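Take a look at the letters that make up each chain.
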Amino acid sequence: EHVMALASLPSPISGEGWPEKFPAKEHCSRCGLCETTFVSRVKEACAFLGDGMGRVDDAEMKVHGRQRDTASMAWSENKDRGEDLSTADEARFGVMHEPMRLAKGIGMRDAQWTGVVTSIALSMLEAGKVDAVVCIANSSEESNKSNPQAWSYPQPILAKTPEDVLRGRGVKPALSPSLNVLDEIKNDKSIRKLLFCGVGCAVQAFRAVQDDLGLEEVYVLGTNCVDNSPTPEAAQNFLQEGVQISELERVRGYEFMQDFKVHVKTSDGYITRPYFSLPGTVAAPSIATSCLACFDYTNGLADVVVGYMGAPLDGKMDESYQTLTIRNERGSQMVETAKDANRLYIGDVATGTGNHEQLATSTVAADSIVLEMVGGDVPTSGMPVWMGNILAFVISNYVSPKGVNFARYSIDYHILRNYLHILQEWGEDRAQQAMPQYAADIVSHYLQDETVRKLQSQL
Ligand code: FAD
Ligand code: SF4
Ligand code: SF4
């Protein structure tokens, strides 16, 4: 009932007219499906129409053979009952074939972190386990124009050579139409075995149509993903207006890190800015509306998932550990292939300490997007950088949970913020429908807290 009549859609619709002409309108994450003939499947595939991300529960059963154990949800209060909260709980992090581990890519230069993703994809192609890899390169069109910001323009490619897979290195910080290569895959008879790299919303849509691609083997390699920018221009604007970087041509990428700072990778090092020094007004234009309705931060339907939020930060992003969540036997095969090729180092089980709930509640109450929702004052300037640095130091060293518990904090805060967004946009019934069970469980737990209840009542 939430879908406009499909008959009125040109099929396939092009990237032109985004987002108004796309079925999910402003909540469209431009996953690419609607730019192919697979637009005919949009009602069942789109993460933002009808039951949307609520479909993840049933899809887990189909993809992994079972649903995540929602009873494993870790709360700090359970510690008093003697429960061990130090490792990742399946309820929040999704189905696990084995406990979440720390990992580093070996010898992979110019990746976002240490190149765990590219190392796995490359190893699978080189070992002949797949014929092609879907990954996100820099837009060649923009590169051809010698645009110094080409790093921020995502272009999905069907990579069939190691050189092409290497073009996927680095996060391009904007919504990317990863599925716009679906027709190309279906029509290319040389592709029998495929590896698809993608973020949660794209993987959800891909899982809905993968059986129609006529493939013998499909592997899905996911990344964690939250708060993506709507466009490359919005990402550039965030760096200029928010982080106050004037020479954008020096930038190679950026990341929001566990030390409460934005780390911007440049041609000659790193520039960091504490979150507290960013003007609150830069948040809304920098985050795509789809990402305010997203409940799949940890990419529940991928076979194996790479991220950083649950790993200890070791100074720089290209030297630090990442986390690796193997969800099923296929994920395990992918990791083994990269280990055999000596491209992947697997470290200890990821662990954490600290209380994640208190910081999640206070972050959501101070969040400028939430303040805007409830009619509060959004600060137009951040605190001076020196003061922001002191606050970031104090919070990350003395207040913030660490490792896996930091990841729990980040997941809970984003789920709460996004619940408030969809509640305001869609009302309680559809909000409940559009959340997977684990997200609904997190929301109901925090609604026992007066601060969160007050925010909910102000909408
Ligand atoms: P690399 O080996 O450098 O490979 C990069 C991979 O990212 C390639 O497969 C490429 O296809 C893919 N990619 C690049 N740009 C895009 C894009 N726009 N959309 C989809 N895929 C893309 N991890 C967290 O723990 N917390 C977060 O908040 C978080 N946010 C993220 C937001 C986005 C938009 C993306 C794409 C990833 C995010 N991640 C997050 C994951 C993290 O940033 C790294 O992608 C991950 O740790 C892999 O690093 P790597 O060095 O192994 O990747
Ligand atoms: Fe189509 Fe994807 Fe946008 Fe949904 S998110 S409307 S499937 S392009
Ligand atoms: Fe898609 Fe969610 Fe990432 Fe946004 S945050 S790009 S909706 S997976």
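Residues numbered from 1 in each chain as written. Chains lettered and ligands numbered in written order. Predicted model: local features only at pLDDT ≥ 70, side-chain atom pairs only at ≥ 80, totals over all residues. Heavy atoms only, no water.

Asks: Before we go on, may I ask you to explain the site of ligand 2 in this structure?
Replies: Every one of the 13 residues lining ligand 2 counts as a neighbour, but Cys-28, Ser-29, Cys-31, Cys-34 and Cys-46 are closest to it. Here the residues of the shell around ligand 2 sort into 10 nonpolar, two polar and one charged. (Near = heavy atom within 4 Å. Nonpolar A, V, L, I, M, F, W, Y, C, P; charged D, E, K, R; others polar.)

Asks: What's the story with the nonpolar core in this structure? I'm lost.
Replies: For soluble globular proteins, the rule of thumb is that nonpolar side chains tend to be buried together. The biggest cluster of nonpolar side chains holds 96 residues, and the ones touching the most others in it are Leu-33, Leu-179, Leu-194 and Phe-206. For this core, the element with the most residues is helix α16 (residues 404-433), which contributes 14 residues. Counting 28 residues, the second-largest nonpolar core is a separate cluster that includes Val-133, Cys-135, Ile-157 and Leu-221. (Core = buried A, V, L, I, M, F, W, Y, C linked by side-chain atoms within 4.5 Å. Buried < 20%, exposed > 50% of the residue type's maximum accessible area, 1.4 Å probe, protein only. Helix = DSSP H or I, 4+ residues; strand = E, 2+ residues; numbered from the N terminus.)

Asks: Sorry, what's going on with the packing of aromatic side chains here?
Replies: The relative placement of two aromatic rings is captured by the distance of their centres and the angle of their planes. Enumeration over the complete set of coordinates arrives at 15 aromatic pairs. Between the aromatic rings of Trp-113 and Tyr-308, the centroid separation amounts to 4.5 Å while the plane-to-plane angle is 20°, which identifies the pairing as stacked. Residue Trp-113 is found in the loop between β1 (101-105) and α5 (116-126), and its partner Tyr-308 is found in the loop between β9 (304-307) and β10 (322-326); the two are separated by 195 residues along the sequence. In terms of burial, Trp-113 and Tyr-308 fall into one category: buried. It is Arg-68 that lies over the ring of Tyr-438; its NZ or CZ is 4.3 Å from the centre. Directly above the ring of Trp-426 sits Arg-430, whose terminal nitrogen or CZ lies 3.7 Å from the centroid. (Phe/Tyr/Trp six-rings, centres within 6.5 Å; stacked < 30°, edge-to-face > 60°. Lys NZ or Arg CZ within 6 Å of the ring centre and 35° of its normal.)

Asks: I would appreciate a short explanation of empty space enclosed by the protein in the present structure.
Replies: Space left empty within the atom packing is revealed by a probe, the size of a water molecule, rolled over the atoms. Counted by the stated rule, this structure contains four cavities of 30 Å³ or more. Here the largest cavity is characterised by a volume of approximately 140 Å³. Residue lining of the largest cavity: 19 residues in total, with Cys-28, Ser-29, Cys-31, Cys-34 and Cys-46 positioned closest to the centre. Taken together, the residues of the lining of the largest cavity break down into 15 nonpolar, two polar and two charged. Together, Phe-93, Met-100, Asn-224, Thr-298, Val-305, Met-309, Gly-310, Thr-323, Thr-325, Arg-327 and Ala-407 line the second largest cavity. For the lining of the second largest cavity, the class distribution of residues is five nonpolar, five polar and one charged. (1 Å grid on protein atoms, 1.4 Å probe; cavity = no way out; pocket = protein on both sides within 12 Å on 5 of 7 lines; lining within 4 Å. Points joined across faces, edges and corners; volume = space filled by probe spheres on them.)

Asks: Looking at this structure, how should I read the site of ligand 3?
Replies: Every residue close to ligand 3 is listed here: Phe-48, Leu-175, Val-199, Gly-200, Cys-201, Cys-225, Val-226, Asp-227, Asn-228, Ser-290, Cys-291 and Cys-294. A class-by-class count of the residues in the shell around ligand 3 yields eight nonpolar, three polar and one charged.

Asks: Any chance you could explain the environment of Leu-371 here in plain terms?
Replies: By the secondary structure assignment, Leu-371 is in helix α14 (residues 368-373). A relative accessible area of 19% places Leu-371 in the buried class. Taking the C-alpha atoms as reference points, Leu-371 and Leu-49, 322 residues apart in sequence, are found 26 Å from one another. If we ignore the near neighbours within four places in the chain, the residues touching Leu-371 are Ala-365, Ala-366, Gly-376, Asp-377, Val-378 and Pro-379. (Contact = heavy atoms within 4.5 Å.)

Asks: Help me understand the confidence of the model for the protein chain in this model?
Replies: Reading predicted coordinates in detail is not appropriate for stretches of low pLDDT. Residues of the protein chain with pLDDT of at least 70 account for 96%, and the chain-wide mean is 93. pLDDT under 50 marks residues 1-5. Its contacts with residues more than four places away, or in other chains, come to nine contacts. (pLDDT = per-residue confidence, 0-100.)

Asks: What am I meant to see in the sheet that holds strand β8 (residues 269-274) here?
Replies: Backbone hydrogen bonds hold the strands of a sheet together, and the pairing may be parallel or antiparallel. The strand order across the open sheet built from three strands is β6-β7-β8, with neighbouring strands paired in antiparallel fashion. The strands lining the two open edges of the sheet, one partner per strand, are β6 (251-256) and β8. Pairs of neighbouring strands in the sheet enclose a mean axial angle of 20°, with direction left out of account. On top of the sheet, helix α10 (residues 232-242) reaches β6 and β7 (261-266); it is set at about 80° to β6, its chief contact. (Pairing = 2+ DSSP bridges. Axes fitted to C-alpha atoms, helices over the stretch in contact; angles between N-to-C directions.)

Asks: Just to check I follow, could you spell out the pattern of salt bridges for this structure?
Replies: Two side chains bearing opposite charge may form a pair once their charged atoms approach each other closely. Across all of its chains, the model carries 19 salt bridges by this definition. For the salt bridge of Glu-90 with Arg-66, the shortest nitrogen-to-oxygen distance reads 2.7 Å. Within this pair, whereas Glu-90 is found in helix α4 (residues 90-93), its partner Arg-66 is found in the loop between α2 (56-64) and α3 (76-79), the two being separated by 24 residues in sequence. What makes Glu-90 buried here is its relative accessible area of 11%. Residue classification places Arg-66 among the partly exposed residues on the basis of a relative accessible area of 33%. Taken together, the salt bridges that share partners define one network made up of Asp-89, Arg-92, Arg-408 and Asp-412. (Salt bridge = Lys/Arg side-chain N within 4 Å of Asp/Glu carboxyl O.)

Asks: Is there a simple way to think about the pairing of β9 in this case?
Replies: One face of the sheet, then the other: side chains in a regular strand alternate in exactly this way. Of the two faces of β9, the one carrying Val-304 and Val-306 and the one carrying Val-305 and Gly-307 are both buried. When strand β5 (residues 217-223) meets β9, the two strands line up parallel, connected through three bridges. The residue of β9 that forms the bridge with Leu-221 is Val-304. Pairing analysis gives four bridges linking β9 to β10, with the strands arranged antiparallel. Across the sheet, residue Val-305 finds its bridge partner in β10, namely Thr-325.

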